[in-house]
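Fold and contact review
Spelled out, the chains give:
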Amino acid sequence: MASTCPNCGKKLHIWDVKAECSACGVSIPNYNWQERLEEDNLKAEKQFSAFNKTMNRIAYSIYGTKLRIVRLVLTFLPIIGFILPWATLKSEGASFDLSIISFSGNKSLIDFFSSFFGNLNLYIANMKFEGFGGAVTLDVAGYILFVLSALFIVIAFFLNIIMCKKPKTKSTVVFDILSIVASVAAVTCFEMSGKAAQELTAYNFGDFAVINGSSSIAWGYFVALALLLIATGINIAVAKAPAKSDETLEEERLARKAAKEEKERQAQIEKEKARAEAEKAAAEEEAKKVEEAKAKLAAKADRKNK
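Criteria and thresholds
- Residues numbered from 1 in each chain as written.
- Predicted model: local features only at pLDDT ≥ 70, side-chain atom pairs only at ≥ 80, totals over all residues.
- Heavy atoms only, no water.
- Patch = residues over 30% accessible without salt bridge, like charges linked within 9 Å, V, L, I, M, F, W, Y side chains within 5 Å.
- Areas by Shrake-Rupley, 256 points an atom, 1.4 Å probe, with all protein chains shown as cover.
- Salt bridge = Lys/Arg side-chain N within 4 Å of Asp/Glu carboxyl O.
- Lys, Arg positive; Asp, Glu negative; His and termini not counted.
- Charge placed at Lys NZ, Arg CZ, Asp CG, Glu CD.
- Helix = DSSP H or I, 4+ residues; strand = E, 2+ residues; numbered from the N terminus.
- Buried < 20%, exposed > 50% of the residue type's maximum accessible area, 1.4 Å probe, protein only.
- Axes fitted to C-alpha atoms, helices over the stretch in contact; angles between N-to-C directions.
- Left-handed = near helix turned anticlockwise from the far one by under 90°.
- Contact = heavy atoms within 4.5 Å.
- Pairing = 2+ DSSP bridges.
- Core = buried A, V, L, I, M, F, W, Y, C linked by side-chain atoms within 4.5 Å.

Turning next to a negative patch on the surface. Together, Glu35, Glu38, Glu39 and Asp40 make up a negatively charged patch on the protein surface. If you trace the backbone, aspartate 40 turns up in helix α1 (residues 33–63).

Okay, here's the thing in structure tokens:
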């Protein structure tokens, strides 16, 4: 409730519970209601305009141009690279693929996470034992960097939506590059862990035994790297391409809305026309039946008269 009367300015107290001011008698809730209604309408229009502007930007950022549609497709392609083997650590005991899943029967990211979070203290103890610089540490770092690479490319995609108001933003390119750097670091760690493994006869990677281990970069990484580079290139191209203004996007939205409404109006006209023609045909059919019935009755009456 207002602290003062909007009409006469009288100070209102907690016991002034009536809708009317005790001094001037004006209805406080309804005072100047037309002006307040107009203000609410203007506020609602501004909010609706801001909403439309945001939705226009999101749609434009995702599929507003042919180049952006291509980017949408190429942004998802790197996902394929993460299910391919990037590097392999082979041993006479357990073997590992730097990949989300393994098609060769080796341990993969899923197996590593299951073991890592189930035996975290064991991994920490093994890494501490080797001074956080041996084969176990490098393997763990390789898997973590692999996850970071995937995370960065996902962030790059969502930045297309988050940063939709800045269609020429280079933030997506930054995270694409971070994804590439993390992928290179992940493969490097796996490769270095193999060299460290060769210096050891055997070691425990968590609860997995690695015996006479050796590592190598797998063919899948080159496919993944190529897809990441393509995604980076298309984001650079989009950032450099001309971008439409909010005014242009709103004009196009209104034009599409008008075209849709006109199409619906024409469809309604055709529907009404078809209905009218159907009613006319039905009426004509009914009239024809009536005429035929009258003719039959007249003929029957003529035969009786004869």
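Let us now look at the pattern of salt bridges. Under the defined criterion, the tally for this structure stands at six salt bridges. Arginine 253 serves as the salt-bridge partner of glutamate 250, at 2.7 Å between the closest nitrogen and oxygen. Here the residue glutamate 250 and the residue arginine 253 both occupy positions in helix α9 (residues 246–305), the gap between them amounting to three residues, near one helical turn. Ionic pairing is found between arginine 275 and glutamate 279, a salt bridge with its closest N-O pair at 2.6 Å. You can see arginine 275 and its partner glutamate 279 sitting in helix α9, four residues apart, about one turn around the helix. Relative accessible area serves as the criterion here: at 42%, arginine 275 is assigned to the partly exposed category. Among the charged side chains, a network of salt bridges with common partners joins Glu272, Arg275 and Glu279.

As a packed pair, helix α4 (residues 109–118) and helix α6 (residues 135–162) sit with axes 11 Å apart at the nearest point and diverge in direction by 115 degrees. Between α4 and α6 the crossing geometry is left-handed. Seen from α4, the contacting residues are Leu109, Phe112, Phe113 and Phe116; seen from α6, they are Val140, Tyr143, Phe146 and Val147.

Before going further, it helps to spend a moment on the side chain of asparagine 126. Along the polypeptide, asparagine 126 turns up in helix α5 (residues 120–129). Those residues in contact with asparagine 126, other than ones at most four positions away along the chain, are Val136, Asn204 and Gly206.

A contiguous nonpolar surface patch, about 460 Å² in accessible area, is contributed by Ile80, Ile83, Ile101, Phe103 and Ile110. Taking the relative accessible area as the measure of exposure, isoleucine 83 reaches 33% and is therefore partly exposed.

Moving on, we get to unusual backbone geometry. Even without being glycine, phenylalanine 132 reaches a positive phi, approximately 55 degrees. Looking at where phenylalanine 132 falls in the secondary structure, it is placed in the loop between α5 and α6. Within the chain, asparagine 212 stands out as a residue other than glycine whose phi angle is a positive 50 degrees. You can see asparagine 212 is positioned in the loop between β4 (208–211) and β5 (214–217).

On to the sheet that holds strand β2 (residues 96–97), then. Taken together, the three strands give an open sheet; going across it, the order is β2-β1-β5, and neighbouring strands pair in antiparallel fashion. In this open sheet, the two strands that pair with only one neighbour each are β2 and β5. Pairing of strand β1 (residues 87–90) with β5, which is carried by four bridges, proceeds in the antiparallel orientation. Among the inter-strand pairings, alanine 87 is bridged to a residue of β5, identified as isoleucine 217. Contacting β1, β2 and β5, helix α7 (residues 171–198) crosses the sheet at an angle of about 155 degrees to β5.

Attention now moves to the nonpolar core. Proteins that are soluble and globular tend to have nonpolar side chains buried together. In this structure, Phe96, Leu98 and Phe205 are the most contacted members of the largest nonpolar core, which totals 31 residues. Not counting the four nearest positions on each side in its chain, leucine 98 is found in contact with Leu84, Pro85, Trp86, Ala87, Gly142, Tyr143, Phe146, Ala186, Val187 and Phe190.

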